[in-house]
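Each chain is listed here by its residues.
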Amino acid sequence: MSNPAAVVEMAAVSKDYRLGKTEVAALRDINLEIRPGDFTVLAGPSGSGKTTILNLVGLIDRPTSGEVRFDGRDTVSRGPSALTSLRRDRIGYIFQMFNLVPVLNVFENVEYPLVLGRVPARERRRRVLDALDKVGLTGRNRHRPSELSGGERQRASIARAVVKKPALVLADEPTANLDSAAGAVVLDLMRKLNREEGVTFLFSSHDPRIVEAGRRVVRLRDGRIEGVSDNGGRS
Amino acid sequence: MIFLKLGFRSLFRQKRRTAVSLLVLTFGIGCLLLTDSHSRYINWGLRESTIHSETGHIQVFQQDFFLREESRVLEFGLEDVEVLRNEMLRLKNVSLVQARIDFMGLVSNGEKSVACLGQGVEPGLEKRLRGLFRMPAAIYDALAARGDDVHVIALGAGLARSLGVKAGDSVTFMSTTAAGALNAMDLTVAATFRGFSSEYDERAAVVPLGTAQLLLDTAKVKSLIVTLDATEKTDAVFDRIGRLARDKGFPIVLKKWHERALYYRQVEGFYKQVTGFMSVVLFLIIFFSTSNTILMAVVERTPEIGTLLALGTSRRQTLTTFLSEGLFIGLIGGALAAAFAFLATRGLNALNIILPPPPGLADGYPLSFRMSGASTALIGLGAVAASSLASILPTLRAVRMRIVDALGHI
């Protein structure tokens with residue numbers, strides 16, 4: 001049964017990869033639910049399945065078995081264009097390597113998801129400037145990504161993820177390529193957006209300091225959920 | 001719009017590679033435009049020369065001329081041509097109507113006789129014609145210089161050399177009259193000339209129309225040559241003369257210049273083949289060069305493609321981005337090529353370079369160019385199409401990639 005209150009549900013999800021002639025089980029029987037306003041961290045060592053879960057929840061990969069439901073609807077049976085629409089309208093991404101488009105400036109990078117969503121130009125401008133203000137990049141909107149520090153790039157990436165007001169923001173090791181100070185700034189920003197704007201986050205990390213910041217921590221090992229702990233209102 | 005912006009700006013990521021692609025395209029298309037412009041000049045020059053020295057725009061014959069074989073010279077010649085000539089001269093765009101007779105005969109210096117092709121012309125009208133390969137007007141001045149004295153002849157340089165005669169010498173011209181009898185006239189060599197080809201020079205003789213009619217003992221002419229103020233008016237005037245003939249009952253048949261210009265058609269066909277072959281080769285070079293540029297771009301930007309797809313960009317939109325890169329390469333390269341060809345043709349035309357004569361021809365010809373706006377646009381569009389098409393395969397490879405694979409690509 002699907003939970004109508006959940007943004008995303010994974011039910012009995014398994015994912016196998018083929019490496020040459022070897023079948024590798026990346027995920028085994030995963031059951032996970034993300035509700036609106038969650039600030040959930042996927043914790044675990046490398047190879048535990050964190051990124052695979054984010055890929056499946058982010059609808060950029062399909063499970064070998066099981067169901068991934070978004071907004072209560074199964075996604076596994078849906079066609080590529082329907083998944084593209086869901087990604088465009090409902091999901092925001094923050095990448096470990098920032099993944100900003102180098103030939104677009106900060107403003108244009110943040111504006112990009114709104115262009116895809118056919119938001120009118122004036123509304124786009126208002127929302128982009130608002131998002132840049134929230135991440136503290138107001139004065140940098142004409143800069144190209146190559147002219148920004150790592151922390152600034154990740155903040156631009158966060159602005160790009162939240163500007164379209166998605167149902168869920170996914171972040172794969174968002175602080176892994178940042179020094180501790182910049183990482184702390186990024187984490188604080190995510191927490192603030194969650195607390196003040198109600199943005200739902202699902203992110204991964206193997207850094208204990210980042211993991212501690214999660215309101216809910218899903219611990220993974222060898223493709224299975226080892227345990228789920230609730231840190232209460234610490235975020 | 002954002003996808004075109006992405007495509008355009010991406011051209012400047014790998015400036016050197018883009019520059020090489022643009023250079024290939026600019027010089028490839030530029031050279032093709034130069035070849036096309038030169039063949040246009042040759043075709044134009046040959047066309048105008050053929051029209052003004054040989055065929056006119058329209059030729060008028062007696063109605064049976066092409067239906068039956070003549071058993072005697074000028075059996076199917078035109079009679080009483082002055083009425084028809086005056087009617088045609090009244091038509092719009094007709095600038096000249098002249099009569100001609102072609103005949104065969106022997107020309108002799110008293111010791112040696114050489115077969116030749118004679119042409120009876122109206123020197124005063126002939127000299128008004130000008131073509132690229134036209135014989136100098138001085139020949140017609142020389143033929144007309146003696147006024148009513150029709151005992152003159154101009155000989156091709158090769159023929160004069162063969163007979164060992166020069167201007168001022170006398171020769172005897174023998175031919176068969178329209179009635180089938182043998183006739184001969186003593187003529188003074190008024191001039192010698194070099195025509196379009198050395199083979200022609202060895203056999204050609206030109207006499208005033210009256211001389212030819214006297215020699216052939218006839219008042220007929222073989223044809224009337226109608227020259228217009230512009231070649232492009234040929235079809236319209238052809239129709240007008242046809243209507244005139246029907247209305248006034250002239251027993252004539254008409255031929256357009258193109259039907260009577262076998263050599264021109266052969267040359268035109270030859271240059272079309274050369275330009276066509278070069279087009280295929282150069283477009284293939286452009287295709288593979290652009291394809292390589294886009295393929296490299298796709299490989300290098302695979303993670304970026306993954307990012308854009310993850311953000312909700314559709315595969316069609318991603319395709320648009322990369323296709324637009326090929327399109328921009330084609331547009332920029334095509335524009336640069338047109339500018340290059342324009343400057344090169346202007347510069348080369350100004351240098352007045354004369355190329356050596358081709359085999360069988362007497363004189364060299366100028367290395368000149370005639371650029372055509374329509375042709376430039378067509379070739380430019382071809383370049384844009386080739387570079388856009390070249391982008392399709394590598395781009396399809398990009399958009400078919402699984403997003404997770406693209407994001408993880410190093």
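Residues numbered from 1 in each chain as written. Chains lettered and ligands numbered in written order. Predicted model: local features only at pLDDT ≥ 70, side-chain atom pairs only at ≥ 80, totals over all residues.

1. A word on the environment of B:Glu232
Residues and elements named next belong to chain B.
- Its place among the elements puts Glu232 in the loop between β8 (223–228) and α9 (234–248).
- According to the C-beta neighbour criterion, Glu232 is exposed, with 10 such atoms within 10 Å.
- Here the alpha-carbon distance between Glu232 and Glu111, two residues 121 residues apart in the chain, equals 50 Å. (Helix = DSSP H or I, 4+ residues; strand = E, 2+ residues; numbered from the N terminus. Buried ≥ 20, exposed ≤ 12 C-beta atoms within 10 Å, placed from the backbone.)

2. A few points about the interface of chain B and chain A
- At the interface, 15 residues of chain B touch 17 residues of chain A.
- Of the residues that constitute the side of chain B that touches chain A, the class distribution is seven nonpolar, five polar and three charged. (Contact = placed C-beta atoms within 7 Å. Nonpolar A, V, L, I, M, F, W, Y, C, P; charged D, E, K, R; others polar.)

3. Remarks on the environment of B:Val221
Residue and element names in this part refer to chain B.
- Along the chain, the position of Val221 falls in the loop between α8 (209–216) and β8.
- Judged by the 26 C-beta atoms lying within 10 Å of it, Val221 is buried.
- Along the chain, Val221 and Leu78 lie 143 residues apart, while their C-alpha atoms are 5.3 Å from each other.
- Beyond its immediate chain neighbours, meaning those up to four positions away, Val221 contacts Gly77, Leu78, Val81, Ala99, Arg100, Ile101 and Leu209.

4. Some thoughts on the nonpolar core
- Core analysis: the largest hydrophobic core is formed by 111 residues, its most contacted members being A:Val110, A:Ala159, A:Val162, A:Val169 and A:Leu170.
- Excluding residues that lie within four positions of it along the chain, A:Val162 makes contacts with A:Gly92, A:Ala131, A:Val169, A:Leu193 and A:Val199.
- In this structure, B:Leu84, B:Leu143, B:Ala160 and B:Ala204 belong to the second largest nonpolar core, which totals 56 residues. (Core = buried A, V, L, I, M, F, W, Y, C linked by C-beta atoms within 7 Å.)

5. Some details on helix α2 (residues 15–55) of chain B
- Between the first and last C-alpha of α2(B) there are 56 Å, a value that for 41 residues agrees with the 60 Å anticipated at 1.5 Å per step.
- Just downstream of α2(B), B:Gly56 is the residue with a positive phi angle, here 60°. (Expected span 1.5 Å × (residues − 1).)

6. What to know about the confidence of the model for chain B
- Looking at chain B as a whole, its pLDDT mean stands at 88, while 97% of the residues score no less than 70.
- At the level of chain-chain contacts, confidence expressed as ipTM amounts to 0.91, with global pTM at 0.72. (pLDDT = per-residue confidence, 0-100.)

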